[in-house]
Amino acid sequence: MASVEIRDVRKAFGATEVIHGVNIEIEDGAFVVLVGPSGCGKSTLLRMIAGLENITAGEIKIGDRVVNDVPPKERDIAMVFQNYALYPHMTVAANMAFSLKLRRAARAEVEARVKRAAEILGLVPYLDRYPRQLSGGQRQRVAMGRAIVRDPQVFLFDEPLSNLDAKLRVAMRTEIKELHQRLETTTVYVTHDQIEAMTMADTIVVMHDGIVEQIGTPLELYDRPDNLFVAGFIGSPAMNLVKGRIKANGKAAFTGPNGVQLPLASAPSHSEGRPVIYGIRPEHFTIADDGAEAEIVVVEPTGSETQVFAKLGGEEVVAVFRERHQFNPGDKIRLKPDPRLVHLFDEATGKRLNA
Amino acid sequence: MVDATIPTRRAVLAAESSAWDRLKSNRHWLGYWFMLPALLILFLFLAYPLGLGIWLSFTDAKIGRAGEFIGLENYEWLQGDSIFWTSIFNTLLYTIVASFIKFGAGLYLALLLNQHLPFKALIRSAILIPFIVPTVLSAIAFWWIYDTQFSIISWSLKKLGLIAINIDFLGDPNNARASTIFANIWRGVPFVAITLLAGLQTVSPSLYEAATLDGATRWQMFRHITYPLLTPIIAVVMTFSVLFTFTDFQLIWAMTRGGPVNATHLMATLSYQRAIIAGQLGEGAAIATAMIPFLLTAIMISWFGLQRRKWQQGENND
Ligand SMILES: Nc1ncnc2c1ncn2[C@@H]1O[C@H](COP(=O)(O)OP(=O)(O)OP(=O)(O)O)[C@@H](O)[C@H]1O
Ligand SMILES: [Mg+2]
């Protein structure tokens, strides 16, 4: 096991730079998830840690060794690929044993390690099968088994669950998490699915267009997004973001489109009339007589909660209620955001304004 | 049940329509109708000549004279014919040596072309040239290259001071064998190389990345990933290569006509010489027929080589 340190790392393919100076510190034994929209450079960063891409500038350290010029096989990392990359002509057992065989490990040791990994992953009945004779979930487990037998310093996962169906994805999510708790190997996990990130990570790194937007625990990112991008990216349904201006004189408030008044607990200093974005999570609305009037557009009950899409001052917002209200499209309701849970962002820079 | 009505209707139909009508409209027969043209072509151009050839080998037919059945006499005669045995030896030597080298060189070229090279597309098409040029043309070119007086090889070596007199490429038996084998290799390598290259390109790059992380060296990647994944296509391409080489005729005929002293006579050229040049159709046919067991053996070997491997995608056969 080892820590991983990524310092000022940049990556350019030819003339186009796709990673613009990234700093991440990963503690020994941590489970870190890199999350971000497609094309933001997550895989590229992961492949640089693995040594499959060279590092254009900056430094990557595994343990206390700078690995920029260390070839992949000496970095002592194991990677699980999105398409699993199982060797089709080898049985499950041979797939898992391959790296050990290349290292000329003793036969008894190879067998013991493969057996242990197979037991952990429930693959014992399949050891003699070929990859094509396995289901998607089983293949995924073999790919993890191949990583586990190596007992590496760091596990790298590149969207390992994206080829699985929704139900299996949820099950494997838990399984990977349990595996990490059991093995305590430092893990870097890439996904574009924020739910996966929220449920699995000790620390989430949100990336966007080749830069890191924010690093923090899942709840930190949820409760206190540093900027508009993180606010919009983390959480489902996404945070409501409404454009408007601050009214600071007298009781602080926010004026949205078409003069909608929304409450603020306090306004940042010198902010009278400042153009801002007002963010409120769907579950932080309540129905109250002093709320702002909104017209219901769509009601989507999921059983445990009800999602209500409504027009608030002409803009569509979504609210989520645990209670079961009887709503119909066209109904007028009064929505009141909880002022303590409001997020304010600068309209120009997207930076968070309130504490 | 619904079925109950059908027999009676069938009976009515049968009574009303002739057998010919049914043949025209029945779905099962329709399939055979569609296959008929292909079947005719196969019969006319493959089965019939093959059957005729085998039949001729049991007769004493000559050009211009239909033969009579003489049983195994042609074969008995060939058994005592040392030229026939030489041609078998030559054919096996030619096939085995050329195929091994074609495989080695083809695989090497394929691996090379699979790398990132400047002008990759251009080089890939250039590789195909020997394969595209009509065989007889390349044979004539080789004929000049191997010429006793004007050989460019001899000329270059002399200019370099490496040899004093011209090499007798096609006049000396062993030189002639080597020279014809070389020409065959030159012609056959592109087919092997391009086919194997196509096979190489189906191997997912992520397998190599996984192997890199597993700690494989380049040689180990070839040995444990590339080669095993390529075996199905190797079996196909080498089957064809062996069959084409074994039955080669054009190159030899254009370059040496089997000479010197029959040193490069293959079974195909000997058969042609005896049957067409000398007019002994029966004997020539017997030589050609004698190739069949060898070809069948080659096909059997590759048939086992071509069996779907357990790991391959597709229908189960385990
Ligand atoms: N080999 C390459 N050559 C040129 N550009 C590349 C190469 N690989 C990736 N890129 C570019 O780098 C950027 C980041 O790609 P990357 O694969 O890291 O995205 P990602 O965050 O993993 O996205 P996804 O979620 O879709 O997998 C993309 O804009 C992509 O076009
Ligand atoms: Mg990716």
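Because the structure is a prediction, the values reported are computed rather than measured. (Residues numbered from 1 in each chain as written. Chains lettered and ligands numbered in written order. Predicted model: local features only at pLDDT ≥ 70, side-chain atom pairs only at ≥ 80, totals over all residues. Heavy atoms only, no water.)

A. Quick peek at the overall build of chain A. Helix and strand counts for chain A come out as eight helices and 19 strands. C-alpha atoms of chain A, sized along the principal axes, occupy 75 × 45 × 35 Å. By residue count, 51% of the 355 residues in chain A fall in the buried class. Counting only contacts in chain A whose residues sit at least 6 apart along the sequence, the fraction spanning at least 24 positions is 66%. For chain A, the accessible area works out to roughly 16,000 Å², and carbon and sulfur atoms hold 47% of it. Averaging the positions of the 43 positive and the 46 negative side-chain charges in chain A gives two centres separated by 5 Å. (Helix = DSSP H or I, 4+ residues; strand = E, 2+ residues; numbered from the N terminus. Buried < 20%, exposed > 50% of the residue type's maximum accessible area, 1.4 Å probe, protein only. Contact = heavy atoms within 4.5 Å. Areas by Shrake-Rupley, 256 points an atom, 1.4 Å probe, with all protein chains shown as cover. Lys, Arg positive; Asp, Glu negative; His and termini not counted. Charge placed at Lys NZ, Arg CZ, Asp CG, Glu CD.)

B. Local environment of the overall build of chain B. Broken down by element type, chain B carries 15 helices and zero strands. A compact globule built from 318 residues would reach a C-alpha radius of gyration of about 20 Å, whereas chain B, at 27 Å, exceeds it by more than 25%. With the C-alpha coordinates of chain B rotated into their principal frame, the extents come out at 95 × 70 × 35 Å. Put simply, chain B has 318 residues, and 36% of those count as buried. Long-range contacts, defined as pairs at least 24 residues apart, comprise 66% of the intrachain contacts of chain B with a sequence gap of at least 6. Of the accessible surface of chain B, which amounts to about 19,100 Å², a share of 70% is contributed by carbon and sulfur atoms. On chain B, the mean spot of the 21 positive side-chain charges and the mean spot of the 17 negative ones are 9 Å from each other. (Rg over C-alpha atoms; globule rule 2.2 N^0.38 Å.)

C. Examining the interface of chain A and chain B more closely. At the junction of the two partners, chain A supplies 23 residues and chain B supplies 25 residues. Roughly 2,200 Å² is buried in total at the junction of chain A and chain B, and carbon and sulfur atoms are behind 60% of that figure. The largest contributions to the chain A side of the interface with chain B come from His89, Leu102 and Arg132 of chain A, which together make up 33% of the buried area. Joining chain A to chain B, the criterion identifies two salt bridges. Here Asp214 of chain B ties to Arg150 of chain A by a salt bridge, and the two come within 3.4 Å at their closest N and O atoms. Looking at the side of chain A that touches chain B, the elements with two or more residues in it are helix 1 (42–50), strand 6 (77–80), helix 2 (92–102) and helix 4 (136–150) of chain A. For the side of chain A that touches chain B, the element with the highest residue contribution is helix 2 of chain A, accounting for three residues. Class assignment for the residues of the side of chain A that touches chain B results in 14 nonpolar, four polar and five charged. (Buried area = accessible area lost by both parts, 1.4 Å probe. Salt bridge = Lys/Arg side-chain N within 4 Å of Asp/Glu carboxyl O. Nonpolar A, V, L, I, M, F, W, Y, C, P; charged D, E, K, R; others polar.)

D. Representation of helix 5 (residues 166–183) of chain A. Residue and element names in this part refer to chain A. Between its first and last C-alpha, helix 5 extends 26 Å over 18 residues, near the 26 Å set by a 1.5 Å rise per residue. Met172, Arg173, Ile176, Lys177, Leu179, His180 and Leu183 are the residues of helix 5 that are buried. Viewed along the axis of helix 5, the buried residues span an arc of 155 degrees, placing them on a single side of the element. Of the exposed residues in helix 5, those oriented more than 90 degrees away from the buried face are Lys167, Gln181 and Arg182. One side-chain oxygen at the N-terminal end of helix 5 lies 3.1 Å from the backbone nitrogen of Lys167; it belongs to Asp165. Residue Glu184 follows helix 5 closely and has a positive phi angle near 55 degrees. (Expected span 1.5 Å × (residues − 1). Arc of directions from axis to C-beta. Polar contact = N/O pair within 3.5 Å; in protein donor to acceptor, adjacent residues only side chain to side chain.)

E. Structural detail: the site of ligand 1. All names here are of chain A. Close to ligand 1 lie Phe13, Val18, Ser38, Gly39, Cys40, Gly41, Lys42, Ser43, Thr44 and Glu159, which account for all nearby residues. Between Cys40 and ligand 1, the recorded distance is 3.2 Å, taken from a backbone N or O atom to an oxygen atom. With respect to ligand 1, the side chain of Ser43 contributes an N or O atom lying 2.5 Å from an oxygen atom. Protein contacts shield 57% of the accessible area of ligand 1, which totals 630 Å² for the unbound molecule. Considering every element that reaches the shell around ligand 1, the biggest residue donor is helix 1, with three residues. (Near = heavy atom within 4 Å.)

F. Structural detail: the pattern of salt bridges. Residue and element names in this part refer to chain A. A complete count under the given rule lists 18 salt bridges over all chains for this structure. Close ionic contact of Lys115 with Glu119 constitutes a salt bridge, the shortest N to O distance being 3.4 Å. Of this pair, Lys115 and Glu119 both sit in helix 3 (residues 107–121), separated by four residues, roughly a single helical turn. Across the salt bridge formed by Lys336 and Asp290, the nearest N and O atoms sit 3.4 Å from each other. Of this pair, Lys336 sits in strand 18 (residues 332–337) while Asp290 sits in strand 15 (residues 285–301), placing them 46 residues apart in sequence. The class for Lys336 is partly exposed, based on a relative accessible area of 24%.

G. Layout of helix 1 of chain A. All names here are of chain A. For helix 1, the tally of buried residues reaches eight of nine residues, placing the bulk of the element in the interior. Here helix 1 has its buried residues at Lys42, Thr44, Leu45, Leu46, Arg47, Met48, Ile49 and Ala50. With its phi angle positive at about 95 degrees, Gly51 sits one or two positions after the end of helix 1.

H. The arrangement of the packing of aromatic side chains in detail. On inspection of all chains with the given rule, the structure shows 25 aromatic pairs over all chains. When the centroid spacing of 4.9 Å and the interplanar angle of 65 degrees are considered together, the rings of Phe249 of chain B and Tyr272 of chain B count as edge-to-face. On the criterion of sequence distance, the pair formed by Phe249 of chain B in the loop between helix 12 (218–246) and helix 13 (250–255) and Tyr272 of chain B in helix 14 (residues 267–277) is long-range, its members being 23 residues apart. A relative accessible area of 31% means that Tyr272 of chain B is categorised as partly exposed. Taken together, the ring pairs in this structure connect Phe142, Tyr146, Phe169, Phe182 and Trp186 of chain B into an aromatic cluster. The ring of Phe13 of chain A has Lys11 of chain A sitting right over it, with the charged end atom 5.1 Å from the ring centre. Looking at Arg146 of chain A, its charged tip hangs above the ring of Tyr87 of chain A, at a distance of 4.7 Å from the centre. (Phe/Tyr/Trp six-rings, centres within 6.5 Å; stacked < 30°, edge-to-face > 60°. Lys NZ or Arg CZ within 6 Å of the ring centre and 35° of its normal.)

I. Fine view of unusual backbone geometry. All names here are of chain A. Cis rather than trans, the peptide bond between Ser236 and Pro237 has omega equal to -5 degrees. Within the chain, Asp76 stands out as a residue other than glycine whose phi angle is a positive 60 degrees. Mapped onto the secondary structure, Asp76 falls in the loop between strand 5 (65–66) and strand 6. Asp76 gets classed as partly exposed once you look at its relative accessible area, which sits at 27%.

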